[in-house]
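Residues per chain are reported as follows:
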Amino acid sequence: MTNDHQHFIPFPSKTETELRVIKMGEEVILLDFWSSPFGMRVRIALAEKGIDYEEREENLNNKSSLLLKMNPIHKQIPVLIHKGRPICESMIIVQYIDEVWQNKVSLMPSDPYDKAIARFWADYIDKKIYSIGKLVWVSEGEVQEAAKKELVECFKLLEKELGDKHFFGGQNLNIVDVALIPFYTWFYALETCGNFSIVEECPHLVGWAKRCMDKQTVSNSLPDQYKIYTHLLELRNQHLAHLKG
Amino acid sequence: MGEEGSVKLHGMWASPFARRVNLALKLKGIDYDYIEEDLANKSEELLQYNPISKKVPVLVHNGLPIVESLVILEYIDETWTDSPYLLPKDPYQRAKHRFWAAFFEPIFDMMKKTLMLQGEALETAVKELSEKLDVAEHGMKEIYPNGVPSFSQEVKPGYLDIVFCSLFGTQDVIEEFFGIKVMTPERYPLLVSWIDALKQVPQVQEVTPPKEKLLGFLQFLRQKYLPQNA
C-alpha cells in the first residue's frame, strides 16, 4: 500500500461519465471566481481553519462541466467539493466548514442564543448588502441616491450591532465578520461611483474592516480594492450602455 | 433535556413563516404561549422585539427574542436537544437540507405575487412557479430516495418537511381559489405524496388554518390588490 492514496470517484452524469481522480491530500476543492464576495467568504473560512484546498478559478462565461455537475440548480460559484460531494451557497458552505473542522478555531458561538443572533445578522447581510450595494455602483440618478441612503442605514445598523467589540465574533472572527468583510473590497468602487465617503458615514465599520484586514487569513483571501473597482466599473459601463440601448 | 423558562410566539394565523415555528414547537412538545398579531396594528411587544423588520414570527424565550423563521427553527433544535431532531446530525446532510430550504424561500413571494396578477401575467407567474417545482420534484429524490416516509411517532417531520409544509400544506385551497391546477400528481408525484403524508400528522393538522377562513383571507387580499376583480 502506497502512502499516496488515490480515490477514484465517478461523478454521476446523465450524458457521459466524467471520471476524476482525487488525491487524499486534495480532497477539498473550491470552485470560485476571483471577484465574487461569496467566494471570498469561503476562502476566509478555509484560511481561518487552516484547511488545505485546491482553488479552481471558473470562467463564468464558459462554466466548467464540473461546476455544472456539482451545482446543476444554480450553476453558480462558490461550490465546495469535499470528498467528492458538493456543498453550495456561501453561508451554507461556511457553516459546513465550521461543523466539519471542529478542532480548529470556531466561527460560531457555542451558546444557542448567540448562534441565533449571529445567524440573524449573517442572513441580514445576505439579504441587503449585495443587492443594495450593487445598485450603488451599477446605477445613477435617483435610483443610486436611494440605494446609497439605504446602504448607509444598513451599515449603521451593523455598526450598532458591532458596538465596541473587536470583531462581531469578539476577539475572533465569526460568521457575521466572514459574511460582511468581502464587501469591504467594494468600498472604493462604492465611494467613487456613489460620490460619498464611507469612513465619514460609518467610521466604526471602517475601523472594524481594517482590523479584519490586519489578519492574514482575510487579507490573503481578498483581492485589491482597485482591481475590484476596475472590474465593477466595467460591469457598470456595460449595464448603463445596455439601458441606453 | 428540556429548557425551563417561558416561551412565547408572536405569529399570525395565515403566515407560513409563523406556521413553521408553531409546528416545530408542537413537534418538539414544547409548552408555549401563542400571541396572534394583527399585522395592521402590531403590538408594542412585537415592535420592541423585532424593530428591524417588525415581522412575525418572533420567538421569545426567557424574554430574549429570536427572529427569522429558519433561524428560529435551528435555535429550537439546539436548545431543546431531545428528539425529534429537526435537522440531521451529519454536516453534509445538514448542508443539503439548508440548501433546499433556501431554494424554497423565494416561493412565498412568488405565490404572493400571483394574488396581484391576472390574465397573461398570472399565467407567466404560474409557469415560473411550476418550473421551480419541477426542480424541487427532481431534487427531493436525493432527500427521499425511497419516497416520502409515513410520518409517525417514531418518524416525525423535520426542518425541511416543516418548510415545505408551511408553503404547500394549503396548496389545494390556494388552487381552488384561483381555479388552477398546479400541483398535479402526474407532474409532481413525490411532492404530492409529501403533502399527503404531512397532512396525516396531528401537529400539522393542528396548525393548518381552516379552509373557509383561508379562502376568505385570499379573497380579501385579492380584492385589495385587484379591486375591479371582486
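What counts, and at which threshold
- Position numbers for residues start from 1 in each chain and track the written sequence from start to end.
- To label them, take the chains in the order written and letter them from A, then take the ligands in the order written and number them from 1.
- Note on the predicted model: pLDDT of at least 70 is required for a residue's local features to be given, and 80 or more for side-chain atom pairs to be given and counted; whole-chain, interface and lining totals, by contrast, use all residues.
- Water and hydrogen atoms were dropped before computing side-chain values, which therefore reflect all heavy atoms in the structure.
- Secondary structure follows DSSP: runs of H or I at least 4 residues long count as helices, runs of E at least 2 residues long count as strands, and numbering of each begins at the N terminus.
- Burial classification: accessible surface area is computed with a 1.4 Å probe over protein chains only, and a residue below 20% of its type maximum counts as buried, one above 50% as exposed, and the rest as partly exposed.
- We call two residues in contact when some of their heavy atoms are within 4.5 Å.
- Two N or O atoms form a polar contact when they lie within 3.5 Å of each other; inside protein one atom must be a possible hydrogen donor and the other a possible acceptor, and for residues adjacent in sequence the pair counts only when both atoms belong to side chains.
- Domain start and end points were adopted from an automatic or database domain assignment.
- What gets called buried area is simply the loss in accessible area from a 1.4 Å probe that two parts show on being joined, summed for both.
- For this document, the term salt bridge refers to a Lys or Arg side-chain nitrogen within 4 Å of an Asp or Glu carboxyl oxygen.
- Gly counts as polar in this scheme, as do all residues outside two lists: the nonpolar Ala, Val, Leu, Ile, Met, Phe, Trp, Tyr, Cys and Pro, and the charged Asp, Glu, Lys and Arg.

**Student:** Mind showing me how you'd approach the environment of Asp32 of chain A here?
**Tutor:** Residue and element names in this part refer to chain A. Within the secondary structure, Asp32 sits in strand β3 (residues 28–32). Residue Asp32 is classed as buried on the basis of its relative accessible area of 0%. Sequence-wise, Asp32 and Pro78 are 46 residues apart; in three dimensions their C-alpha atoms are separated by 5.0 Å. Not counting chain neighbours up to four residues away, the residues in contact with Asp32 comprise Gly39, Arg43, Glu55, Arg56, Glu57, Glu58 and Ile77. Polar side-chain contacts of Asp32 include one of 2.6 Å to the side chain of Arg43.

**Student:** When you look at the domain arrangement of chain A in this model, what are you seeing that I'm missing?
**Tutor:** The parts lose accessible area when they come together, and the size of an interface is often stated as this lost area. Residue and element names in this part refer to chain A. By domain assignment, chain A separates into domain 1 (3–100) and domain 2 (112–243). Taken residue by residue, the interface counts 14 residues in domain 1 and 23 residues in domain 2. Where domain 1 abuts domain 2, roughly 1,700 Å² becomes buried across the two surfaces, and 70% of that area is made up of carbon and sulfur atoms. Looking at the side of domain 1 facing domain 2, the largest losses of area belong to Trp34, Arg41 and Ile44, adding up to 35% of the total buried there. Viewed at the interface, domain 2 and domain 1 are joined by 2 salt bridges. In this structure, Asp126 engages Arg41 in a salt bridge whose closest nitrogen and oxygen atoms are separated by 2.8 Å. Linking domain 1 with domain 2 are 6 residue pairs in polar contact (both at pLDDT 80 or more).

**Student:** Help me out: how do you make sense of the interface of chain B and chain A in this one?
**Tutor:** Each partner contributes residues to the interface: chain B has 21 residues there, and chain A has 24 residues. Both faces combined, the contact of chain B with chain A buries some 2,100 Å², and carbon together with sulfur accounts for 71% of it. Across the chain B-chain A interface, the total number found is 5 salt bridges. Salt-bridge contacts for Arg94 of chain B lead to Glu99 of chain A; the nearest nitrogen and oxygen are separated by 3.0 Å. For the interface between chain B and chain A, the tally reads 6 residue pairs in polar contact (both at pLDDT 80 or more). Those elements giving two or more residues to the side of chain B that touches chain A turn out to be β4 (64–67), α3 (69–79), α4 (91–104) and α6 (119–143) of chain B. Of all the elements, α4 of chain B adds the most residues to the side of chain B that touches chain A, at 8 residues. Each residue belonging to the side of chain B that touches chain A can be placed in one class, and the counts come to 14 nonpolar, 2 polar and 5 charged.

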